Amino acid sequence: MPYTNEEGGLLNNFAREPKVYQAEPPTTGQKRTYVILGVAATILVGGLIFVAFSVSNVS
């Protein structure tokens, strides 16, 4: 377990903070992929709901 040293030589067992970095906006290709995956997920959920209603005993 990593320890941090203070000015007086005391050891502390605090968590180390991760490096901070600036997030980059998605590229055009990534945006296109997100749209395709969103459409595929919508079709999948819609199909599951359709199958659920079609096999149920609702009159």
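1. Brief notes about the overall build of the protein chain
Next, step 1: When helices and strands are tallied, the protein chain shows one helix and two strands.
Next, step 2: Helices and strands appear in the protein chain in the N-to-C order β-β-α.
Next, step 3: Relative to a compact globule of 59 residues, whose C-alpha radius of gyration would be 10 Å, the protein chain shows 26 Å and is clearly more extended.
Next, step 4: Each principal axis of the C-alpha distribution contributes one length, and for the protein chain these read about 80 × 35 × 15 Å.
Next, step 5: Going through the 59 residues of the protein chain one by one, you find that 2% of them count as buried.
Next, step 6: Side-chain charges of the protein chain comprise 4 positive and 4 negative groups, with the mean position of each set lying 20 Å from the other.

2. Quick word on the confidence of the model for the protein chain
Next, step 1: Of all residues in the protein chain, 93% attain a pLDDT of 70 or more, and the chain-wide mean is 88.
Next, step 2: Highest mean pLDDT in the protein chain belongs to helix α1 (residues 28-55) (96); lowest belongs to strand β1 (residues 4-5) (74).

3. A word on the environment of E17
Next, step 1: Residue position: E17 is located in the loop between β2 (11-12) and α1.
Next, step 2: Under the relative-accessibility criterion, E17 is labelled exposed at 77%.
Next, step 3: In this structure the C-alpha to C-alpha distance between E17 and E6, which are eleven residues apart in sequence, comes to 15 Å.

Conventions and cut-offs
Residues numbered from 1 in each chain as written. Predicted model: local features only at pLDDT ≥ 70, side-chain atom pairs only at ≥ 80, totals over all residues. Heavy atoms only, no water. Helix = DSSP H or I, 4+ residues; strand = E, 2+ residues; numbered from the N terminus. Rg over C-alpha atoms; globule rule 2.2 N^0.38 Å. Buried < 20%, exposed > 50% of the residue type's maximum accessible area, 1.4 Å probe, protein only. Lys, Arg positive; Asp, Glu negative; His and termini not counted. Charge placed at Lys NZ, Arg CZ, Asp CG, Glu CD. pLDDT = per-residue confidence, 0-100.

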